[in-house]
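So the chains spell out like this:
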Amino acid sequence: MAPWLANGLIYASALALTAGGITLLYITTRTFNFAHASMATVGFYVVYSFIIFIGGSPYRYFPFAFLFGALLGVICYYGLNRPLLKRQASEITLMMSTLGYDLILLSLIQMYCDFLTSNYKLFPRRVNMNMYDLELFGINAATIILPLMAIICLSALHLFLGKTKFGVAMKATIENPVLAGASGINSDRVYMVAWLIGGGMASLGGAAMAMAQTGTPVMGMNSIPFMFAGAILGGLHSLYGGILGGFMVGLAEYAGVFLLSQKFGPWILGYRMGIPLLLMAITLLIFPRGLAGIPWADLFGRLTGKKRGVQA
Amino acid sequence: MLTVRNLNSGYGKLQILYNLDLEVPAKGITVVVGPNGAGKTTLLSSIMGTANVFSGEVLFEDEPITGQQTHLLARKGISYVPQMGNVFAELSVMDNLHMAGYLMSKSEARLKAEQMTEMFPVLKKFIHRKAGTLSGGERRMLAVAMGLMKNPKLMLLDELSTDLAPIIAEKVLLEVIRLRDELGITILIVEQMAKRALEIGDTAYLLVSGGVKYAGKASELLHEPELCNLYLGIKQLPKQQDNTRIPSSEGRG
Amino acid sequence: MSDDKQIVSRLKGFLLRREVIITAVIVALLTFLLITRGVPMILTIFIDFAIFAIVTLSLNLEVGYTGISQFGRVLAVMAGAFGAGAIPGRVMAAIMGLPWGASYAEATVNFKLVPQLTAVLEKSWFLSIVFLIFCLLVAALCGAGIGWLTSRPAIRLKEAYLGISLLAFGDLLMWIGHNWEPLVGATTSVYIPDPFRFVPGNRFQVVVITVFVIAFLIYFFINTLTHSPFGRTLKMVRDNEISAAAAGKDVVKIRTRSLMIGSAIAAIGGALYVIYTGAATAIGFTRLTWTFWPWAFMMLGGIGSNLGVLLGVFLLTILRSMITIFRFQVFGFLIQWGIDPTWLEFTLMGAVIIVVVLFLPHGLVPEKVEPVLPADRVQKVITNMSSRGRFLT
């Protein structure tokens, strides 16, 4: 497999997880979570620390990354998000509050890196996680395992939302909080679970991302525009749209850089972040509501000659 | 059963209800009528805790429930069928019914859902369709079915007959009477079809500009020609009406 | 007697106003730092304050008065910095017959070229001032251009979409500056001819005074602007776009104008920053420093209140530098673990944002609700109308 495709798949899976988390938090609590940046970085450092202190393959520690991220998400919900939601704060206020949380997490990550550097003589500021990776069928295991992991996680999420009672209740709350409340669904618990899943997905995504890039304390901070771009591309109103958007943004970046640098030369590498942003800008210009705003039913209806909404 | 005392409420900073008093007697149908913008829906929202209550209190079975979270009220046995957004459009009809029975056990909910589909056969036909694809009337029926799923003690019904064809509206209102008589459910109904609602109601409140303009027996409100004409658009007067009470300015015929 | 009491109570009321208390705190902290650390420290704080005050005031114009979710402040700041770094020096080089094309920004050329330009400026105070004004004008034009560009999506997109898009494009512009050498030298910096060399003595003091004066001029400009009918129109658009449009206001035009003015001012801030440091480096313009920190300053001061923003910037700038100053005395325990206490700056900013959001939603000096007409005149209008029988109730 071409190296760009291998890394692109890992990166795209990571962005699918993080963008999915951002979308989930937005559709439940109206919050654009800036803290996704540092939550992702935390996920990477959880895995890194386990490898350093215990050893073994990185994949064993991914569940811990998820748990840690979930914990950070729940803390954010109870400490910050819940009081603001009760006050019916504006979207911008909710967004700013998570920025504050992100800055605090970022400073803690930086301090932790300092701590590792001076006490254990490690170099946690530039980590190449690939060197801890296994080999599978002659290629890096991450290329196979991580996309598979993303697919399994997202299918699990899909089953949870579609088949379990609480999952359906979550979908109901997202669509109509008042009616859900009147049916006896505790929206408080729904939001808490959304933060738990969203935070966990962020950290899992961060841990995966570090397998494709150099892990640094500002890894999440640098890639947050792409996480947002993925969520926006997906239209922000559908969880699956966000996941798809994240995956497309990630793959487009690697594919675009590969194709363009073959044509124009390696200088294009410096502008790689322009590709996903351009994709986002073009989508927003044509469909201000993202991928989910594209009238798919109309399009297909026209193709098949059926009218929209007609029941078979 | 439900008492509203001196309620001042609204949305955000906007006050809509002023010093409102209301009493819903148990096992009866209480009808709230009034022109558009009188605050009928706001009254229900205030009871359900989704509007901002500035002062006053709401008692349910002599227990204060003012400003409580909506899901706790559902646990107490209050069921609410909103006017708009009263079904989960993205969920199937079956899931809608199961969500309405969220507080029940699974087997109980299944049994109850079966009863509902028997009561409204049209739902059975579309049981696996998304609720968003139903027609207005079918949706309304699903909403009522969802309200009944919970075995409520008190049902709040907002604009029950809108979107419904007159025959079905009639059927639904008869259903409401049956609920009272057979299941002994207390019902608070906000209605646009004022005349019909007042005919089936026991107690009636006329809401105008956020205050109570009339409180008393429902049948008697129908015999207040001035109020009926001015606020409810009921022109034809009931047959037993004493002719002397017709104001000369009415000028009908 | 009663006069005395009135004066006392009025004085009490004045002293208990939040602005006054905060100013007193700021003055106390400054005096303390002046005594313990001396003048240079104070000057550093002053210049940080002045530059961030300019940027934050411009942000407040767009966010606080117009209601645009501007999460791309760094765009305009960078436009000003790049403009001031790339254009005026080139113009001068071209006039003097020196290389001014793409090679101007090459590290090896630029390194030798700029001292020559500075030497020319050093000789003439007139030329220096013209150069400085030219820099600021170029920056303002670049900023206004960026403002116009950002106003295009601002018409189409809603709150959060717009904020995120602007944030992403701020990053993109930084990476363009970081990679495209002819602009500001890519990974190396472009030096800027120094217009402050002609003054004998301490350059630093002159820079501080100049920037400070410009900051206060901008404060007065923005304050006048926001208290003019235009400012009231901005608030009208912010509070209710539809009713503003219904009242005959061209909402698109007003938002565009606000974005252009705000961005031009922010660009002046960026230009002053690169002139003060003497070099423009693309990688230095992160969204953290030039978007998020101004947001934190503004939220602490009070969104929609110019004076509040000014005090917020001052207070936080002092606190930030105090962390750096006292890192060994106060945070020694961190150093023992091998941790650099400067990271606490991030913690401080984060904590400030959270505390403001949770406990001080309107900031230190909340925006004053100003009626369009004074209350007594409104009363008069009402009595007039009711006497004519227009109001029946």
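Residues numbered from 1 in each chain as written. Chains lettered and ligands numbered in written order. Predicted model: local features only at pLDDT ≥ 70, side-chain atom pairs only at ≥ 80, totals over all residues.

Caption draft 1: Broad picture of the overall build of chain A. Looking only at helices and strands, one finds 12 helices and two strands in chain A. Going from the N terminus to the C terminus, chain A shows its helices and strands as α-α-α-α-β-β-α-α-α-α-α-α-α-α. Expected size for 312 residues packed as a compact globule is a radius of gyration near 20 Å; at 20 Å, chain A falls within 12% of this value. For chain A, the C-alpha atoms occupy an extent of roughly 60 × 50 × 35 Å along the three principal directions. Across the 312 residues in chain A, those meeting the buried criterion constitute 55%. (Helix = DSSP H or I, 4+ residues; strand = E, 2+ residues; numbered from the N terminus. Rg over C-alpha atoms; globule rule 2.2 N^0.38 Å. Buried ≥ 20, exposed ≤ 12 C-beta atoms within 10 Å, placed from the backbone.)

Caption draft 2: Local environment of the overall build of chain C. Scanning chain C from N- to C-terminus turns up 18 helices and two strands. By the compact-globule yardstick of 21 Å for 393 residues, chain C fits well, its C-alpha radius of gyration being 24 Å. Its C-alpha atoms put chain C at 80 × 50 × 45 Å along the principal axes. Residues classed as buried in chain C amount to 45% of the 393 residues present.

Caption draft 3: Spotlight on the interface of chain A and chain B. Tallying the contact residues gives 17 residues for chain A and 22 residues for chain B. Those elements that place two or more of their residues in the side of chain A that touches chain B are α6 (165-175) and α7 (177-182) of chain A. Per-element tally for the side of chain A that touches chain B: the top contributor is α6 of chain A, with five residues. (Contact = placed C-beta atoms within 7 Å.)

Caption draft 4: View of the sheet that holds strand β6 (residues 78-81) of chain B. Residues and elements named next belong to chain B. Pairing within the open sheet is mixed, and its six strands lie in the order β6-β7-β8-β3-β9-β10. Each end of this open sheet is capped by a strand with a single partner; those strands are β6 and β10 (211-217). Taking the axes of each pair of neighbouring strands and ignoring which way they run, one obtains an average angle of 15 degrees across the sheet. Taken together, the four bridges between strand β3 (residues 29-33) and strand β9 (residues 203-208) define a ladder with parallel strand orientation. Bridge pairing in β9 links V33 to L206. In this fold helix α7 (residues 166-183) packs onto β3 and β8 (186-190), with an angle of close to 155 degrees to the strand it touches most, β8. (Pairing = 2+ DSSP bridges. Axes fitted to C-alpha atoms, helices over the stretch in contact; angles between N-to-C directions.)

Caption draft 5: Inspection of the nonpolar core at higher detail. Core analysis: the largest hydrophobic core is formed by 300 residues, its most contacted members being A267, A271 and A296 of chain C. Here this core gets 15 residues from one element, more than from any other, and that element is helix α12 (residues 251-277) of chain C. (Core = buried A, V, L, I, M, F, W, Y, C linked by C-beta atoms within 7 Å.)

Caption draft 6: Representation of the interface of chain C and chain A. Contact residues are listed per partner, giving 34 residues for chain C and 35 residues for chain A. Listing elements by their share of the side of chain C that touches chain A, those giving two or more residues are α7 (159-179), α13 (287-301) and α17 (344-359) of chain C. Here the side of chain C that touches chain A gets 13 residues from one element, more than from any other, and that element is α7 of chain C. A class-by-class count of the residues in the side of chain C that touches chain A yields 24 nonpolar, six polar and four charged. (Nonpolar A, V, L, I, M, F, W, Y, C, P; charged D, E, K, R; others polar.)

Caption draft 7: Structural context of the sheet that holds strand β2 (residues 14-24) of chain B. All names here are of chain B. The four strands lie next to each other as β2-β1-β4-β5, forming an open sheet whose pairing is antiparallel. Across the chains shown, the open sheet's two edge strands, defined by having one partner strand only, are β2 and β5 (63-64). Pairing between strand β1 (residues 2-11) and β2: seven bridges, direction antiparallel. When the sheet's bridge partners are listed, V4 is paired in β2 with L22. Its contacts with the sheet place helix α1 (residues 40-48) against β1, β2 and β4 (52-60), and it is angled at close to 75 degrees to β2.

Caption draft 8: Representation of the pairing of strand β7 (residues 154-158) of chain B. Residues and elements named next belong to chain B. Here β7 lies mainly inside the structure; five of its five residues are buried. Neither face of β7 is exposed, since L154, L156 and D158 on one face and M155 and L157 on the opposite face are all buried. Of the pairings in the sheet, the one linking β6 to β7 comprises four bridges and is parallel in character. Bridging from a neighbouring strand, Y80 pairs with L156 of β7. Note that β7 and β8 share five bridges and pair parallel. When the bridges of β8 are listed, L154 appears paired with T186.

Caption draft 9: Just α1 of chain B, in detail. Residue and element names in this part refer to chain B. Extensive coverage of α1 is indicated by the burial of eight of its nine residues. Every buried residue belonging to α1 is among K40, T42, L43, L44, S45, S46, I47 and M48, and all of these are buried. In the segment just after α1, G49 is the residue with positive phi, at about 80 degrees.

Caption draft 10: View of the confidence of the model for chain C. All names here are of chain C. Averaged over every residue, the pLDDT of chain C is 84; the share at 70 or more is 96%. Of all helices and strands in chain C, the one with the weakest mean pLDDT is helix α18 (residues 375-387) (72), whereas α12 scores best (91). Overall fold confidence (pTM) sits at 0.85, and the ipTM for the predicted complex is 0.86. (pLDDT = per-residue confidence, 0-100.)

Caption draft 11: Inspection of unusual backbone geometry at higher detail. In this model, Q88 of chain A sits at a positive phi of 55 degrees, which is unusual for a non-glycine residue. Summarising the element assignment, Q88 of chain A is placed in the loop between α3 (62-86) and α4 (91-120). You will see that D62 of chain B, though not glycine, has its phi angle at about 65 degrees, which is positive. Judged by local crowding, D62 of chain B falls into the exposed class, with 7 C-beta atoms found within 10 Å.

Caption draft 12: Structural context of the packing of helix α4 (residues 106-119) of chain B against helix α6 (residues 136-149) of chain B. Residues and elements named next belong to chain B. Interhelical geometry of α4 versus α6 gives an angle of 145 degrees and a closest axis separation of 10 Å. The way α4 lies across α6 gives a crossing that is right-handed. Residues K112, A113, M116 and M119 of α4 touch α6, and the partners they reach there are A145, L148 and M149. When its residues are assigned to classes, the contact of α4 with α6 shows six nonpolar, no polar and one charged. (Left-handed = near helix turned anticlockwise from the far one by under 90°.)

Caption draft 13: A look at helix α8 (residues 187-209) of chain A. The terminal C-alpha atoms of α8 of chain A, which comprises 23 residues, lie 32 Å apart, in line with the 33 Å expected from a rise of 1.5 Å per residue. Summarising burial for α8 of chain A: 19 of the 23 residues are buried, a large majority. (Expected span 1.5 Å × (residues − 1).)

Caption draft 14: Just the environment of G20 of chain A, in detail. Residues and elements named next belong to chain A. Of note, G20 is situated in helix α1 (residues 3-29). Spatially, the C-alpha atom of G20 lies 20 Å from that of M96, the residues being 76 residues apart in sequence. In contact with G20, not counting residues within four places along its chain, are L154, M201, L239, G242, I243 and G246.

Caption draft 15: Geometry of the environment of T186 of chain B. Within the secondary structure layout, T186 of chain B lies in strand β8. Contacts of T186 of chain B, omitting those with residues within four sequence positions, involve M1, V24, A26, K27, G28, K153 and L154 of chain B.

Caption draft 16: Here's a closer look at the confidence of the model for chain A. Residue and element names in this part refer to chain A. Across chain A, pLDDT averages 84, with 92% of residues at or above 70. For chain A, per-element mean pLDDT is lowest for helix α12 (residues 296-304), which scores 56, and highest for α8, which scores 93. The model gives residues 304-312 a pLDDT under 50, and that stretch makes eight contacts with residues more than four places away or in other chains.

Caption draft 17: Structural context of the environment of A169 of chain B. All names here are of chain B. With respect to the helices and strands, A169 occurs in helix α7. For A169, a count of 19 C-beta atoms within 10 Å translates into the label partly exposed. Each C-alpha atom of the pair A169 and R196 lies 9.9 Å from the other, and the pair is 27 residues apart in sequence. Setting aside its immediate chain neighbours within four residues, A169 contacts S161, L164 and M193.

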